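Take a look at the letters that make up each chain.
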Amino acid sequence: MTQSHTERPRFPFVAETALAPPAEWAEFRAKCPVAPVRLASGDEAALITRYADVKNVLSDPRWTRPTPADNAARVADTESGGVFNSEMATVLPQHGEAHLTWRRTIGKWFTAKRMTALRPGMAAMAEQLVDDLVAKGAPGDLKAGLAFPLPVWVICDMLGVPDSDRDRFAHWSDVMLSMTRYTQAEFDAAQQEFGRYMGGLIAAKRADPGDDILSALLPEGWPDAMLIATGIGLLIAGHETTANMIAKMVALLLADRTRWERLLADPALVRTAVEESLRFDANAGIGMSRYLSDDFEVAGTVLPAGTTAMCSMAAANRDEAAFENASEMDLGRSPNPHLAFGAGAHACLGQPLARTELQVTLEVLLRKLPSLELAVPADELRRVEGLAVGGLRELPVRW
């Protein structure tokens, strides 16, 4: 599987349908576990697809998040390379003790105890959204009616941000997560507008603090730029990925309705079904970008310092060497050490929140809409295009 530079495969790969894995994943894992690929920007990166290698790269401190100073491969087709190469990457501490301190400070808001306290409110909101969806009549769009508004409401509540502004965040988030959909001028405008908005909120909280994350961070003495970047990062991560994952989880469970029937028969499987949906998600987006500060060996290939790697956690999660019958969706799979939330020092900070939202949503749907089914064939579901995160454009369902 050797290609000349001009023939480097374009990454991310495109699958035949929105829920299926690209054929290249299995091929690359088997024959070319460290593969040169071309990103949307035209820049080259090393694609890592095997489970052990992805976990190793994400966990090793020699691999760091790219910053604009690194001259790393750009993910997006804009001049700056998108959100992973943006100013936000320089404002927030990306490694070392400063990064650990930042994570510990934010992590206090994502403990199991806090998630347990949030559950009843989440469930009540999910039930209200389902009632509203049903009232409008079938078929309905489960993404627009439930999967998107629920995590937005939750993260807005945690940050002390008005839920009524959610359409603005959705637009800014899409632009900032763009790989091919928006121009550099549109990216710059969104980043500036989002920054001004968050700066205004922080100023208001200085005058009148509330019981929320942003208010609680004020006594830390962080500069405004760091507070703004933290707020933006949490708002984007707190709604975009989870909203997409809720829709994909439900689609996967309904695509083969024996899965849904199994959960109806045994609701105790909700937790493991959520974990298996995360592992089985083949439409996860681009994965994680890492920049190498020193020579490093992966799968027998020595990568030189200055290499940018794209870690495909979704491809790794289908690795037969790590998961028995990896190409099968097993709702009772346990243990399930998938990499959907990454690994190492940069593993997803909000994973307890995402897990709780996914579990609550599934519990509410099984209870309130046991007859739920897809309103279109699974292979006609349409994927989100041109963003760094994967998802479905809509999820048509009936009940």
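Residues numbered from 1 in each chain as written. Predicted model: local features only at pLDDT ≥ 70, side-chain atom pairs only at ≥ 80, totals over all residues. Heavy atoms only, no water.

J.: Which parts of the structure should I look at to understand the overall build of the protein chain?
T.: Scanning the protein chain from N- to C-terminus turns up 15 helices and 10 strands. By the compact-globule yardstick of 21 Å for 399 residues, the protein chain fits well, its C-alpha radius of gyration being 21 Å. Dimensions along the principal axes, computed over C-alpha positions, put the protein chain at roughly 55 × 55 × 35 Å. Buried residues in the protein chain amount to 55% of all 399 residues. In the protein chain, the share of contacts with a sequence separation of at least 24, taken over all contacts with a separation of at least 6, comes to 72%. Total accessible area computed for the protein chain in this model is approximately 16700 Å², and 51% of it derives from carbon and sulfur atoms. With 40 positive and 52 negative side-chain charges, the protein chain shows a separation of 3 Å between the mean positions of the two kinds. (Helix = DSSP H or I, 4+ residues; strand = E, 2+ residues; numbered from the N terminus. Rg over C-alpha atoms; globule rule 2.2 N^0.38 Å. Buried < 20%, exposed > 50% of the residue type's maximum accessible area, 1.4 Å probe, protein only. Contact = heavy atoms within 4.5 Å. Areas by Shrake-Rupley, 256 points an atom, 1.4 Å probe, with all protein chains shown as cover. Lys, Arg positive; Asp, Glu negative; His and termini not counted. Charge placed at Lys NZ, Arg CZ, Asp CG, Glu CD.)

J.: Got a minute to help me understand the pairing of strand β5 (residues 288-292) in this structure?
T.: The element β5 is extensively covered by neighbouring structure, given that 5 of its 5 residues are classed as buried. The sheet contact formed by strand β3 (residues 63-64) and β5 spans 2 bridges and is antiparallel. Residue T64 lies in a different strand from β5, and its bridge partner there is Y291. Summarising the sheet, β5 and strand β8 (residues 308-311) pair through 4 bridges and their orientation is antiparallel. Bridge assignment links R290 to a residue of β8, and that residue is A309. (Pairing = 2+ DSSP bridges.)

J.: So what exactly am I meant to see when it comes to the state of the cysteines here?
T.: Covalent bonding between the sulfur atoms of two cysteines defines a disulfide. Counted by the stated rule, this structure contains 0 disulfides. Of all cysteine sulfurs, the one in C32 lies closest to C311, which takes part in no disulfide; the gap is 15 Å. (Disulfide = S-S within 2.5 Å.)

J.: Could you clarify how one ought to interpret the sheet that holds strand β4 (residues 140-141) in this entry?
T.: The strands that make up a sheet pair up through hydrogen bonds in the backbone, lying either parallel or antiparallel. As summarised here, the arrangement of the 3 strands in space is β4-β10-β9, forming an open sheet in which the pairing is antiparallel. In the strand order of this sheet, the two ends are held by β4 and β9 (373-374), each with one partner. Sheet topology note: the β4/strand β10 (residues 396-398) ladder contains 2 bridges and is antiparallel. Bridging across to β10, G140 finds its partner in V397.

J.: Whenever I open this one, the sheet that holds β5 confuses me. Can you help?
T.: Spatially, 5 strands are ordered β1-β2-β8-β5-β3 in an open sheet, and the strand pairing comes out mixed. With one partner strand each, in any of the chains shown, β1 (34-38) and β3 form the two edges of the open sheet.

J.: Can you help me understand the nonpolar core in this one?
T.: General note: in soluble globular proteins, nonpolar side chains tend to be found buried as a group. Counting residues in each nonpolar core, the largest one holds 93 residues, and the members touching the most others are F110, F194, M198, L362, L365 and L395. By residue number, the principal contributor to this core is helix α11 (residues 224-255), which donates 18 residues. Those residues in contact with M198 that lie beyond four places of it in its chain are L214, I228, G231, I232 and L235. One finds A46, W63, L292 and A316 within the second-largest nonpolar core, a separate group that totals 21 residues. (Core = buried A, V, L, I, M, F, W, Y, C linked by side-chain atoms within 4.5 Å.)

J.: How should I be thinking about the packing of aromatic side chains in this particular structure?
T.: Scanning the entire structure with this criterion turns up 8 aromatic pairs. Residues F11 and F13 carry aromatic rings whose centres are separated by 5.3 Å and whose planes lie at 85 degrees to one another, so their mutual orientation is edge-to-face. F13 shares its class with F11; the two are buried. Consider the rings of W172 and F194, whose centres lie 4.9 Å apart with planes at 35 degrees: the pair is tilted. Taken as a pair, W172 in helix α8 (residues 166-176) and F194 in helix α9 (residues 184-207) lie far apart in primary sequence, 22 residues in all. Given a relative accessible area of 4%, W172 falls into the buried group. Classification of F194 as buried rests on a relative accessible area of 0%. Through pairs of rings, three or more aromatic residues link up here, namely F169, W172, F194 and Y197. Seen from the ring of F280, R318 lies directly overhead, with NZ or CZ sitting 3.8 Å from the centre. (Phe/Tyr/Trp six-rings, centres within 6.5 Å; stacked < 30°, edge-to-face > 60°. Lys NZ or Arg CZ within 6 Å of the ring centre and 35° of its normal.)

J.: Explanation requested: the packing of α9 against α11 in the structure shown.
T.: The geometry of a pair of packed helices is captured by two quantities: the angle between their axes and the separation between those axes. Orientation of α9 relative to α11, taken along the N-to-C sense of each, is 110 degrees, at an axis distance of 9 Å. Classified by the angle their axes make, α9 and α11 are roughly perpendicular. The way α9 lies across α11 gives a crossing that is right-handed. Side by side, α9 and α11 meet where F194, G195, M198, G199, I202 and R206 of the first sit next to D224, L227, I228, G231, I232, L235 and I236 of the second. Within the contact of α9 with α11, the residues separate by chemical class into 8 nonpolar, 3 polar and 2 charged. (Axes fitted to C-alpha atoms, helices over the stretch in contact; angles between N-to-C directions. Parallel < 35°, antiparallel > 145°, perpendicular 65-115°, else oblique. Left-handed = near helix turned anticlockwise from the far one by under 90°. Nonpolar A, V, L, I, M, F, W, Y, C, P; charged D, E, K, R; others polar.)

J.: Is there a simple way to explain the environment of L214 in this structure?
T.: Of note, L214 is situated in helix α10 (residues 213-217). A sequence separation of 16 residues divides L214 from T230, and the C-alpha atoms of the two residues are 8.8 Å apart. Beyond its immediate stretch of four places on either side in the chain, L214 contacts L159, V161, M198, K205, L227 and G231.

J.: What's the story with the layout of surface pockets in this structure? I'm lost.
T.: Space left empty within the atom packing is revealed by a probe, the size of a water molecule, rolled over the atoms. Space inside the largest pocket adds up to approximately 460 Å³. What lines the largest pocket is a set of 27 residues, and nearest its centre among them are P12, F13, V14, M179 and R383. Classifying every residue of the lining of the largest pocket by side-chain character gives 17 nonpolar, 7 polar and 3 charged. (1 Å grid on protein atoms, 1.4 Å probe; cavity = no way out; pocket = protein on both sides within 12 Å on 5 of 7 lines; lining within 4 Å. Points joined across faces, edges and corners; volume = space filled by probe spheres on them.)

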